[in-house]
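Here is what each chain is made of, one letter per residue.
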Amino acid sequence: MGDEQDRDDRAVGSFDDIVASWKADGTVPEWPDDPPAVPAATETIEPPAPAVRPAPPVRPGPAVDPLSDRDDHYIPPEPPPLPKLGVAAAVGLVLVALGIILIAAPQWIGMSGVYGLPLGLVAIAGGLTWLLMRLWQPTAEDPRDDEGTV
């Protein structure tokens, strides 16, 4: 607590020293204690009225409803039909569905829950693997490819 008091005293003392040196130089302005009162005006001056411009005449436009003109709107063509589901994709989807059924409700198939969870996980993993392996297309190997040998 004493350190803060000493620091405050030093700050006030140095500020007083700075102000005293300014006063000795004569560069410190004298500020009035109260601001001067504004003298009351004896007559009021009204500001000039703003110039009023007449509004431009409104010309009526054509009475056309933008929604009634259907020629200006783009109407996209019908989307193509979905492709037929192949046998390989159907097998993968059936495996995934069977795995979900084995995990959620193995009683539908007549299996206990002890065997339903691991078999369901294996069926889902097998179905996803089946579907993902169909995406991989092996590249045709170039017979002239010597694999970079010199």
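Residues numbered from 1 in each chain as written. Predicted model: local features only at pLDDT ≥ 70, side-chain atom pairs only at ≥ 80, totals over all residues. Heavy atoms only, no water.

1. Here's the deal with the overall build of the protein
- Across its full length, the protein holds three helices and zero strands.
- Secondary structure elements of the protein occur, N-terminal to C-terminal, as α-α-α.
- Expressed as a percentage of the 150 residues in the protein, the buried residues total 7%.
- The contacts in the protein between residues at least 6 apart in sequence include a share of 47% that link residues at least 24 apart.
- For the protein, the accessible surface area stands at approximately 14500 Å², while carbon and sulfur atoms represent 64% of it. (Helix = DSSP H or I, 4+ residues; strand = E, 2+ residues; numbered from the N terminus. Buried < 20%, exposed > 50% of the residue type's maximum accessible area, 1.4 Å probe, protein only. Contact = heavy atoms within 4.5 Å. Areas by Shrake-Rupley, 256 points an atom, 1.4 Å probe, with all protein chains shown as cover.)

2. Quick look at the confidence of the model for the protein
- Of all residues in the protein, 65% attain a pLDDT of 70 or more, and the chain-wide mean is 78.
- For the protein, helix α1 (residues 2-25) is the element with the lowest average pLDDT, namely 73, and helix α2 (residues 87-104) is the one with the highest, namely 94. (pLDDT = per-residue confidence, 0-100.)

3. Points about a nonpolar patch on the surface
- On the surface, V87, V91 and W130 cluster together into a nonpolar patch covering about 300 Å² of accessible area.
- Among the structural elements, V87 can be located in helix α2. (Patch = residues over 30% accessible without salt bridge, like charges linked within 9 Å, V, L, I, M, F, W, Y side chains within 5 Å. Salt bridge = Lys/Arg side-chain N within 4 Å of Asp/Glu carboxyl O.)

4. A closer look at α2
- The terminal C-alpha atoms of α2, which comprises 18 residues, lie 26 Å apart, in line with the 26 Å expected from a rise of 1.5 Å per residue.
- Check the buried side of α2 and you find it contacts α3 (113-135). (Expected span 1.5 Å × (residues − 1).)

5. Structural notes on the environment of L131
- Among the structural elements, L131 can be located in helix α3.
- Given the relative accessible area of 22%, L131 is considered partly exposed.
- Separated by 43 residues in the primary sequence, L131 and A88 have C-alpha atoms spaced 7.9 Å apart.

6. Concerning the packing of α2 against α3
- In contact at an axis separation of 7 Å, α2 and α3 are set at 160° when each is read in the N-to-C sense. As far as their axial angle goes, α3 and α2 are roughly antiparallel. Judged by the twist between their axes, the crossing of α2 over α3 is left-handed.
- Taken together, the residues of the contact of α2 with α3 sort by class into 17 nonpolar, six polar and one charged. (Axes fitted to C-alpha atoms, helices over the stretch in contact; angles between N-to-C directions. Parallel < 35°, antiparallel > 145°, perpendicular 65-115°, else oblique. Left-handed = near helix turned anticlockwise from the far one by under 90°. Nonpolar A, V, L, I, M, F, W, Y, C, P; charged D, E, K, R; others polar.)

7. Structural notes on α3
- In this model α3 runs 33 Å from its N-terminal to its C-terminal C-alpha over 23 residues, within 8% of the 33 Å that 1.5 Å per residue would give.
- Within α3, the full set of buried residues consists of G116, G120, A123 and G127.
- Where α3 is buried, its residues touch α2.

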